[in-house]
Each structure stands twice: as C-alpha cells, then as structure tokens.
Amino acid sequence: MSIATTMKNSTAIAIGGFDGMHIGHQHLFAELGEHGTIVVIETGYANITPKEERENFSHYPILYLELDEIRHLDGDAFISLLKSEFPKLKKIVVGYDFHFGKDRKYSFEDLKTLFSGEVKVVEEVTLEGDSIHSHKIRAKVKIGDIKGANDFLGHNYTIMGALVAGQGIGKKELVATINIEATGFLTPKEGVYVTLTRIDDEEHYHPSVSFVGHRVTTDGSFAIESHILDGEVICNKKARISFVSFIRDNKKFDSIAELKKAIKSDINIASQKLKLLQL
Ligand SMILES: Cc1cc2nc3c(=O)[nH]c(=O)nc-3n(C[C@H](O)[C@H](O)[C@H](O)COP(=O)(O)O)c2cc1C
Ligand SMILES: Nc1ncnc2c1ncn2[C@@H]1O[C@H](COP(=O)(O)OP(=O)(O)OP(=O)(O)O)[C@@H](O)[C@H]1O
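How each quantity is defined
Residues numbered from 1 in each chain as written. Chains lettered and ligands numbered in written order. Predicted model: local features only at pLDDT ≥ 70, side-chain atom pairs only at ≥ 80, totals over all residues. Helix = DSSP H or I, 4+ residues; strand = E, 2+ residues; numbered from the N terminus. Buried ≥ 20, exposed ≤ 12 C-beta atoms within 10 Å, placed from the backbone. Contact = placed C-beta atoms within 7 Å. Near = placed C-beta within 6 Å. Nonpolar A, V, L, I, M, F, W, Y, C, P; charged D, E, K, R; others polar. Domains from an automatic or database assignment. Pairing = 2+ DSSP bridges. Axes fitted to C-alpha atoms, helices over the stretch in contact; angles between N-to-C directions. Core = buried A, V, L, I, M, F, W, Y, C linked by C-beta atoms within 7 Å. Arc of directions from axis to C-beta.

S.K.: Looking at this structure, I do not really get the overall build of the protein. What am I missing?
M.R.: Within the protein, the regular secondary structure consists of nine helices and 15 strands. C-alpha extents for the protein along the principal axes are approximately 70 × 40 × 40 Å. Of all 279 residues assigned to the protein, the portion counted as buried reaches 32%. Summarising the internal contacts of the protein: among those between residues at least 6 apart in sequence, 67% fall at separations of at least 24.

Right under this line is the structure:
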C-alpha cells in the first residue's frame, strides 16, 4: 500500500512539532494503534531531527504541514483540514501542553469541543522529575551533554551530512578521517566525542571517535570529522554520526606531534567505552 493510501486510511493521528522524536513524543505514538499517522507541524526550527530525519524514529507515516500555511486557521478550519486529510479520523493524540491556531490560542480543551471523535491527551512525560522537551535537548547538545540529550531522546543524537574534503593532512600526519557537512543539524559543542559512524548506505555503524569544531591547531577551519576505529573504510557520498558521549574540549596544541598524542588518547578512550557498551 502506498504511503498516501495508508494515510487516507488512518483512524488516529498525533500532532506536534516532534523535533527529536524524543521519549515524550514516543508516548504519543504509543496511543496511535494500528492505523496511525504522525502530523508534523513544521516550524522551520527543527534541527535535532530536521525534515525527513524524523522518519528514522517511528514506523508510522508522517504528514508534514508547514506552520506558515496553517497558522492563520481558526479551530474549526484546522479540524476541517485534518478531516479532509484523514476522512476516517476517529482519534487525535496530543500532549498535555499542546496549543494550536493563531497565537497558539487553542488548547487540548478546545480540541475536545471542536472534534467529535476521541481526543487523547498524554500526561507530562518526565525523566527523574525533569519534563522532556526538544528545547531542553538542544540546550544539552549545545553544552556537550550528549549523555543527557540521549537520555531524553531515548536514542543517540545523530547527524547526517554529505562527504566533504578535509585539509588532507589527517591521513598523512595524524589519522584518517571522514569529513562531513551536516547542514540543518544542531552542531554539538566543539570537542571530541565517542561516536558511531554509518558510511553511505551501509546497514551498520562503525565504532569511531569524532571531532567537531575549528581546527585551532592547524588552519582554523571548521570540521566535523570521524576517525573509524575498526579498520580502513571508503566513504563515497555521505555519513551519519551518532554521538555516544563527550570526551574533551577542543584545544589548541603547540605542535602536530602533541595533537597526535591527544588523538591517540581519544582513540583509546573511545575504544574502551565502545567495548564496554558491547558487553
Ligand atoms: C579524535 C580527534 C581529535 C581532534 N582534536 C583536535 C583538537 O583538540 N584541536 C584541533 O585543533 N584539532 C583537533 N582535531 C582535528 C585535526 O586538527 C584534524 O583532524 C587535522 O587537522 C586533519 O584534518 P584533515 O582530515 O582535514 O586533513 C582532532 C581530530 C580528531 C580525529
Ligand atoms: N514531555 C512531554 N510529555 C507529554 N507530551 C509531550 C511532551 N513533550 C511534548 N509533548 C507533546 O508532543 C507533541 C509535540 O510537541 P512539541 O513538538 O512541541 O515537543 P516539545 O518537546 O514540547 O518541543 P519544544 O521544546 O520545542 O516546545 C505535542 O502534542 C506535545 O504536547
């Protein structure tokens, strides 16, 4: 069945921005049942799982609605739009803080009045007393708290980008790296990370150590690069970097030899950490 047909046959939808597809969002999807669709209201700010990246974190089809095209609608018009997209709609799933319409003036209470079917309101999902939200995940990624971000996400923070050329000194003087340009994704704090890297369309992730930041020791240019730990690889087009934990801050070394020593230590830390994770 085509995605369009699956959507037309949907009896339940979940509505929101869903940037990150985090644990809170997953609680909504758990209410969708067999014939569900996720309705993403696209604000243009999504940078944890921009655009179709959200599709990696749910098996439900996704309908994208541009906020600019629906923000002027009143409550009735919004429901009419949903009914025209989903003629068999019986259930709408939203979270406790869902708002919609001009100036976000409608809440789930209004949804209950406006929609004749079931409105399921999911209660606040928290982790150790802290409410899970996309903006908090962004804040964690920005300060390098990858572990905290991943705990909220329920999966590793992952970016994807096209392969770009490096400075060309890595392989000769340091270690070989895959350099990517991850347009549209939030850049984690500058530094070195334990990561997993997926190359082109390979199915598995390689253990890796990655650098994000300005190469302050060499030419000062910005780079996102992964060194693969389980052997030589060939990357043709693109790579995905999945962040596991933060190792250290970006640093200006006095010589390439010192940088090389630090990279060796980073490699050891990442190898240890990833070996432990496999146990
Ligand atoms: C694990 C790792 C850690 C790194 N740490 C730093 C760092 O602390 N400071 C820095 O200026 N560059 C750092 N780099 C970036 C190197 O400067 C970069 O790999 C080198 O300039 C070669 O780049 P190329 O692959 O584009 O030729 C690191 C790279 C790796 C792989
Ligand atoms: N922690 C949570 N518990 C329950 N529902 C949630 C939670 N976070 C989001 N939701 C619901 O998920 C849907 C998508 O919400 P939204 O995209 O605004 O996520 P968010 O994490 O709150 O984002 P932001 O931090 O940018 O406000 C909404 O219906 C919202 O009410």
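S.K.: Help me understand the site of ligand 2, please; the structure alone is not making it clear to me.
M.R.: Near ligand 2 you find 21 residues, and of these G16, G17, G24, G95 and H133 are the closest. When contributions to the shell around ligand 2 are tallied by element, the ones reaching two or more residues are β1 (12–16), α2 (23–29), β4 (91–95) and α6 (134–142). Sort the elements by how many residues they give to the shell around ligand 2 and α2 lands first, with four residues. The class makeup of the residues in the shell around ligand 2 is nine nonpolar, 10 polar and two charged.

S.K.: Can you help me understand the domain arrangement of the protein in this one?
M.R.: Where the parts come together, the accessible area they lose is often given as the size of the interface. According to the domain assignment, the protein contains domain 1 (3–131) and domain 2 (156–278). A C-alpha centroid distance of 36 Å is found between domain 1 and domain 2. Taken together, the contacts link four residues of domain 1 with four residues of domain 2. Grouping the amino acids of the side of domain 1 that touches domain 2 by side-chain chemistry returns two nonpolar, one polar and one charged.

S.K.: Could you clarify how one ought to interpret the sheet that holds strand β13 (residues 206–214) in this entry?
M.R.: One closed barrel accounts for six strands, arranged β10-β11-β14-β13-β12-β15; its pairing is antiparallel. Ignoring strand direction, the axes of neighbouring strands in this sheet form an average angle of 45 degrees. Across seven bridges, strand β12 (residues 191–199) lies against β13 in antiparallel orientation. For G191, the partnering residue across the bridge sits in β13 and is V212.

S.K.: Explain the nonpolar core here, please?
M.R.: One recurring pattern in soluble globular proteins: nonpolar side chains tend to sit buried together. Core analysis: the biggest nonpolar cluster contains 32 residues, and A149, Y193 and V194 have the highest contact counts within it. Those residues within four positions of V194 in sequence are excluded, and the remaining contacts are V209, V244, S245, I247, I269, A270, K273 and L274. Counting 23 residues, the second-largest nonpolar core is a separate cluster that includes F78, F86, I92 and F98.

S.K.: It is not clear to me how the sheet that holds strand β3 (residues 62–66) should be interpreted in this structure. Could you clarify?
M.R.: Strand pairing within a sheet occurs via backbone hydrogen bonds; the two strands may be parallel or antiparallel. Across the sheet, which stays open at both edges, the five strands sit in the order β3-β2-β1-β4-β7 with parallel pairing between neighbours. Each having just a single partner strand, β3 and β7 (118–122) make up the two edges of the open sheet. Each neighbouring strand pair of the sheet contributes to a mean axis angle of 25 degrees, computed without reference to strand direction. Sheet analysis places β4 next to β7, joined by five bridges and oriented parallel. Bridge assignment links I92 to a residue of β7, and that residue is V119.

S.K.: Help me out: how do you make sense of α6 in this one?
M.R.: Given 3.6 residues to a turn, an α-helix orients residues that are three or four positions apart in the same direction. Here α6 has its buried residues at S134, I137, K140 and V141. Buried residues of α6 fall within an arc of 120 degrees about the axis and therefore sit on the same side. Close packing links the buried residues of α6 with α7 (146–153) and β10 (157–164). Just downstream of α6 lies G144, where phi reads positive at about 80 degrees.

S.K.: Quick question: what am I supposed to make of the environment of V93 here?
M.R.: By the element assignment, V93 lies in strand β4. Exposure remark for V93: the 25 C-beta atoms within 10 Å place this residue in the buried category. Sequence separation of V93 and T218 is 125 residues, and the distance between their C-alpha atoms is 52 Å. Setting aside its immediate chain neighbours within four residues, V93 contacts A12, I13, A14, L28, E31, L32, K120 and V122.

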